[in-house]
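Residues per chain, in single letters:
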Amino acid sequence: MPKHEVRFHEQIEAPIQCVFEFLSDHQNFASLFGGHCTRIRVGDDSTELNGVGSIRRIGPGPLSFDEKIVAFDRPSRIDYTIVRGGPLKNHLGSIRLHSADGGTALDYVIRFDGKLPGLGMASALALKAAWKQKARKAMAPLGR
């Protein structure tokens, strides 16, 4: 079981389908933390290009890392894991969406270990800070 866990909970004033579409787009997803990404492999299902099997590259050059979508259940679930690069290992990101109060409840958990001592804690702090600074702003247009 990974040592570190980061949790995010948000109520988004938009329909679940709209929120899922936003989060399943790789570039939109990266914007939650202020990053940029490129899809480097399409999903296994030709109707879901960003679905299971899809790989997105986040970050520039040698600092980049690749995440693979391992679960994709429209419109309620996206799971992904790091498959190359980055400071983390034993990583799993899990996003769950539920219709709630006329909008969408987002529950997002990231579990991981650092590859070196101290990297796990530093990564957890960086993820929390980036989410606080970027995620609500990135998702704000959904509620309009």
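Residues numbered from 1 in each chain as written. Predicted model: local features only at pLDDT ≥ 70, side-chain atom pairs only at ≥ 80, totals over all residues. Heavy atoms only, no water.

Trainee: Looking at this model, I keep getting lost on the environment of Ala129. Mind explaining?
Mentor: Examined against the element boundaries, Ala129 turns out to sit in helix α3 (residues 119–139). On the basis of relative accessible area, Ala129 is assigned to the partly exposed category, the value being 45%. Counting along the chain gives 39 residues from Ala129 to Asn90, while the straight-line C-alpha distance between them is 22 Å. (Helix = DSSP H or I, 4+ residues; strand = E, 2+ residues; numbered from the N terminus. Buried < 20%, exposed > 50% of the residue type's maximum accessible area, 1.4 Å probe, protein only.)

Trainee: Which parts of the structure should I look at to understand the pairing of strand β1 (residues 4–12)?
Mentor: The side chains of a regular strand alternate, first on one face of the sheet and then on the other. Of the two faces of β1, the one holding His4, Val6, Phe8, Glu10 and Ile12 is buried and the one holding Glu5, Arg7, His9 and Gln11 is not buried anywhere. Bridge analysis of β1 against strand β7 (residues 103–114) gives 9 bridges, and the strand direction is antiparallel. Residue Glu5 lies in a different strand from β7, and its bridge partner there is Arg111. (Pairing = 2+ DSSP bridges.)

Trainee: Looking at this structure, I do not really get the layout of surface pockets. What am I missing?
Mentor: Where empty space is left in the structure can be found by rolling a water-sized probe over the atoms. In this structure, the largest pocket encloses a volume near 570 Å³. Taken together, 23 residues line the largest pocket, and the ones lying closest to its centre are Phe33, Ile58, Phe65, Glu67 and Leu127. Secondary-structure elements contributing two or more residues to the lining of the largest pocket are α2 (26–31), β4 (65–73), β5 (77–85), β6 (88–100), β7 and α3. (1 Å grid on protein atoms, 1.4 Å probe; cavity = no way out; pocket = protein on both sides within 12 Å on 5 of 7 lines; lining within 4 Å. Points joined across faces, edges and corners; volume = space filled by probe spheres on them.)

Trainee: Sorry if this is basic, but what is going on with the packing of aromatic side chains here?
Mentor: How two aromatic rings sit relative to each other is set out by the distance from centre to centre and by the angle between their planes. Tallied over the entire structure, the rule returns 11 aromatic pairs. Measuring from ring centre to ring centre gives 6.2 Å for Phe33 and Tyr108, while their planes differ by 65°; the resulting arrangement is edge-to-face. With a gap of 75 residues between them, Phe33 in the loop between α2 and β2 (37–41) and Tyr108 in strand β7 connect regions that are remote in the sequence. By way of ring pairs, the aromatic residues Phe8, Phe29, Phe33, Tyr80, Tyr108 and Trp131 are connected into one cluster. Positioned above the aromatic ring of Phe29, the side-chain terminus of Arg56 is 3.9 Å from the ring centre. (Phe/Tyr/Trp six-rings, centres within 6.5 Å; stacked < 30°, edge-to-face > 60°. Lys NZ or Arg CZ within 6 Å of the ring centre and 35° of its normal.)

Trainee: Help me out: how do you make sense of the pattern of salt bridges in this one?
Mentor: Working definition: two side chains of opposite charge can pair if their charged atoms are close together. Taken as a whole and assessed by the stated rule, the structure comprises 12 salt bridges. The salt bridge partner of Arg74 is Glu21, with a shortest N-O separation of 2.1 Å. With a gap of 53 residues between them, Arg74 in the loop between β4 and β5 and Glu21 in helix α1 (residues 16–24) connect regions that are remote in the sequence. Of the residues examined, Arg74 reaches a relative accessible area of 39% and is grouped as partly exposed. (Salt bridge = Lys/Arg side-chain N within 4 Å of Asp/Glu carboxyl O.)

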